[in-house]
Amino acid sequence: MFFTFSKMNAVYLAAITLLFAACGTNPNAKKLDTATEGTIRISVDETYKPLIDSEIKVFESLYPKAHIIPSYKPEAECFKDLLNDSARMIIVTRDLNQEERDYIKKSTVTPNSLLLAWDALALIVNKANPDSILTMDQVRGIMAGIDTQRKWQLVFDNANSSTVRYIMDSINKGKPLPANTMAAKTNPEVVDYVSKNKDAIGVIGVSWISDPNDSLSIAFTEKVSVVRLRADYGSDFVKPYQAYIGIGSYPLKRGFYFCLKEPYHGLGTGFATFLGSYEGQLVVKQFRLFPARLNVVFREANLK
């Protein structure tokens with residue numbers, strides 16, 4: 001199966017510009033930056049570090065007077081930064097909930113948010129581990145600590161990370177993780193631990209292992225094996241490849257959002273608009289996430 005990407009249409013560009021102009025304007029706010037000039041700090045879920053580093057590099061090359069300073073941290077801390085005004089923009093794996101929106105509106109600023117792409121979590125195991133193909137029933141057993149065939153050492157990046165929240169909410173349905181679950185602090189440390197421990201299974205963001213042109217991504221995939229998963233009603237075992245994320249064949253799928261709390265049309269708005277633009281979405285494509293703001297055409301093909 002092949003798919004191609006086409007440019008975002010003018011209607012979408014106009015709509016998102018009007019949205020920011022209408023919802024993010026406070027006439028009493030002092031403008032210290034514009035959509036293409038100035039300096040701002042943003043908080044980013046640390047699972048997106050490779051991707052956002054590249055997005056910032058492209059954005060700043062297009063707008064040399066713009067400077068985006070990212071702080072990579074667990075997702076829970078990103079939301080705290082947005083709510084306490086430590087960051088006007090965050091990039092995370094979920095949208096604002098109603099309670100968060102109501103809290104922000106009390107400051108007379110209307111929050112903006114948008115789904116930018118479909119992301120996924122990757123499960124990784126030691127190269128010597130023969131169990132690199134799992135059903136979702138097996139995954140649920142591992143995450144609940146009731147796998148009957150072997151004792152797994154479950155490894156995450158951080159206790160407050162988006163990966164932990166996703167597994168707790170979507171897989172464990174609120175039930176706790178196994179008592180022996182460990183936090184390795186960062187995604188690279190998860191990869192390193194799994195590469196040295198045969199019984200370990202790590203949970204990381206797919207962007208850390210998905211860029212075939214990045215030396216770090218290549219090094220990681222050489223150290224560990226990426227698990228193939230079969231969805232509950234699926235027939236094939238698949239890795240978190242872009243097409244499988246897009247059509248839903250890969251089961252550990254999640255969103256990739258920006259959330260913005262900006263009292264005027266400033267640099268946060270400019271960077272957010274860029275992330276949803278054709279150029280920004282091409283960077284998303286490079287990191288093998290599935291772009292949500294591009295038109296995607298799937299085509300069947302026979303390979304000889």
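Residues numbered from 1 in each chain as written. Predicted model: local features only at pLDDT ≥ 70, side-chain atom pairs only at ≥ 80, totals over all residues. Heavy atoms only, no water.

Novice: Help me understand the state of the cysteines, please; the structure alone is not making it clear to me.
Specialist: By the definition in use, this model includes 0 disulfides. Of all cysteine sulfurs, the one in Cys259 lies closest to Cys78, which takes part in no disulfide; the gap is 9.7 Å. Residue classification places Cys78 among the buried residues on the basis of a relative accessible area of 0%. Taking relative accessible area as the criterion, Cys259 reaches 0% and is therefore assigned buried. (Disulfide = S-S within 2.5 Å. Buried < 20%, exposed > 50% of the residue type's maximum accessible area, 1.4 Å probe, protein only.)

Novice: I would appreciate a short explanation of the environment of Ile201 in the present structure.
Specialist: Tracing the backbone shows Ile201 in strand 9 (residues 200-205). When its relative accessible area of 0% is taken as the criterion, Ile201 is described as buried. C-alpha of Ile201 to C-alpha of Leu154: the two residues are 47 residues apart in sequence and 5.2 Å apart in space. Sequence-distant contacts of Ile201, defined by excluding residues within four places in its chain, comprise Leu123, Ile124, Val125, Leu134, Ile142, Trp152, Gln153, Leu154, Val155 and Val194. (Helix = DSSP H or I, 4+ residues; strand = E, 2+ residues; numbered from the N terminus. Contact = heavy atoms within 4.5 Å.)

Novice: What is the right way to look at the pattern of salt bridges in this model?
Specialist: Under the criterion given, the structure shown has 14 salt bridges. Linking Glu262 and Arg88 is a salt bridge whose minimum nitrogen-to-oxygen distance equals 2.6 Å. In this pair, Glu262 sits in the loop between strand 12 (253-260) and helix 10 (267-275) while Arg88 sits in the loop between helix 3 (75-83) and strand 4 (89-92), placing the two residues 174 residues apart along the sequence. By relative accessible area, Glu262 is classed as buried at 2%. (Salt bridge = Lys/Arg side-chain N within 4 Å of Asp/Glu carboxyl O.)

Novice: Explanation requested: the packing of helix 2 (residues 49-62) against helix 10 in the structure shown.
Specialist: The contact between helix 2 and helix 10 brings their axes to 11 Å, and the two run at 110°. Relative to helix 10, the element helix 2 is oriented roughly perpendicular. Where helix 2 crosses over helix 10, the two elements pack in a sense that is right-handed. The residues of helix 10 that touch helix 2, namely those facing Glu55, Ile56, Val58, Phe59 and Leu62, are Leu267, Gly270, Phe271, Phe274 and Leu275. Looking at the contact of helix 2 with helix 10, its residues break down into 8 nonpolar, 1 polar and 1 charged. (Axes fitted to C-alpha atoms, helices over the stretch in contact; angles between N-to-C directions. Parallel < 35°, antiparallel > 145°, perpendicular 65-115°, else oblique. Left-handed = near helix turned anticlockwise from the far one by under 90°. Nonpolar A, V, L, I, M, F, W, Y, C, P; charged D, E, K, R; others polar.)

Any functional reading would require information beyond the geometric quantities listed.
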